[in-house]
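Structural features, examined
For reference, the chains in residue letters:
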Amino acid sequence: MDIAFSPVDGVILVSPTGRLDAHSAADFEARLGAEIDGGAKQLVIDGTGLEYLSSAGLRALLGITKKIRTSGGTIALCHLQPQLVEIMEIAGFNSLIPTYPDQAAAVAAAKP
Amino acid sequence: MASPAPESPTSVAKLRVPAELSQLALIFEFCIKFADAHQIGEDKRFALEVCLEEIVTNVMKYAYPPGTIGPVEISLTLEADTLQIQVLDEGAPFDPTSAPEVDTTLPLEQRPIGGLGLHMVRKMMDAVHYRREGERNLLTMISKVA
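Keep in mind the model is a prediction, meaning the values are calculated, not measured.

This next bit is on the interface of chain A and chain B. Contact residues are listed per partner, giving 19 residues for chain A and 20 residues for chain B. Those elements giving two or more residues to the side of chain A that touches chain B turn out to be α2 (55–70) and α3 (82–90) of chain A. Of the residues belonging to the side of chain A that touches chain B, the class tally is nine nonpolar, six polar and four charged.

All names here are of chain B. Taken in spatial order, the five strands of this open sheet run β1-β2-β3-β5-β4, and their pairing is antiparallel. Both edges of this open sheet fall to β1 (10–18) and β4 (127–133), since each of them pairs with a single strand only. This sheet shows a mean twist of 15° between the axes of neighbouring strands, independent of strand direction. With respect to the sheet, helix α1 (residues 24–37) is in contact with β1 and β2 (71–79), its orientation differing from that of β1 by roughly 170°.

It is worth spelling out the pairing of strand β3 (residues 42–46) of chain A at this point. Residue and element names in this part refer to chain A. Counting buried positions along β3 gives five out of five residues, so the element sits mostly inside the fold. In β3, alternate side chains face the same way, and those of Q42, V44 and D46 on one face and L43 and I45 on the other are all buried. When strand β2 (residues 11–20) meets β3, the two strands line up parallel, connected through three bridges. Counted as the bridge partner of V14 is I45 from β3. Note that the unit made of β2, helix α1 (residues 25–37) and β3 has a crossover that is right-handed.

Conventions and cut-offs
- Residues numbered from 1 in each chain as written.
- Chains lettered and ligands numbered in written order.
- Predicted model: local features only at pLDDT ≥ 70, side-chain atom pairs only at ≥ 80, totals over all residues.
- Contact = placed C-beta atoms within 7 Å.
- Helix = DSSP H or I, 4+ residues; strand = E, 2+ residues; numbered from the N terminus.
- Nonpolar A, V, L, I, M, F, W, Y, C, P; charged D, E, K, R; others polar.
- Pairing = 2+ DSSP bridges.
- Axes fitted to C-alpha atoms, helices over the stretch in contact; angles between N-to-C directions.
- Buried ≥ 20, exposed ≤ 12 C-beta atoms within 10 Å, placed from the backbone.
- Right-handed = clockwise from strand over helix to strand, strands pointing away.

Listed below in structure tokens is the structure:
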């Protein structure tokens, strides 16, 4: 999976492309973890390029969310395709990680 | 006199691969090909991939002793509007359906890392059964695809 990081309006925008599954989850969690270790306090994950999300991917998202909140930061998601929103709801993750339809709202919510 | 039941063609596809994570892409490709060939909609295909990943990665992680890689066999059977998904392995007896239900309403700090996958399988599939068959574990999932 490709992951692009770019600063937008004071937050780090994370744009993964591909599938977040059992094969890619560890790398995804490690790379976002490294951003947090490097000082990132506000993350917005833009799901435009995310084709797939399984429980392994959700576990990685949970790990990242715990890590950034422990460091006093925030995280938000945006632009998830409908099947991915449904997965988030089934897992009860919609109440854990704020999810927005568009990037501007997610960035505004994540900003300090 | 009752007329004979209409013919219901059954379609079966099988895939047998080593139970290791590097095979996951091949397993997804197999699912997508089957779904496309039988006009299974995107939502149902997505559920198939998510639930199959869950069961298959369980086999990859737990079925065989550390350092050994055994086989995992996947069968997809479509009969009328019912898709039957079977996962067979030759590992130690393990019933994934015996795992306790997770509480998805817990706050973040109390969320356990495990148990989520089976919760999703139970929610996304119409039925889930486990059976020990001789020296093999057989997990069957049923999904109405119409």
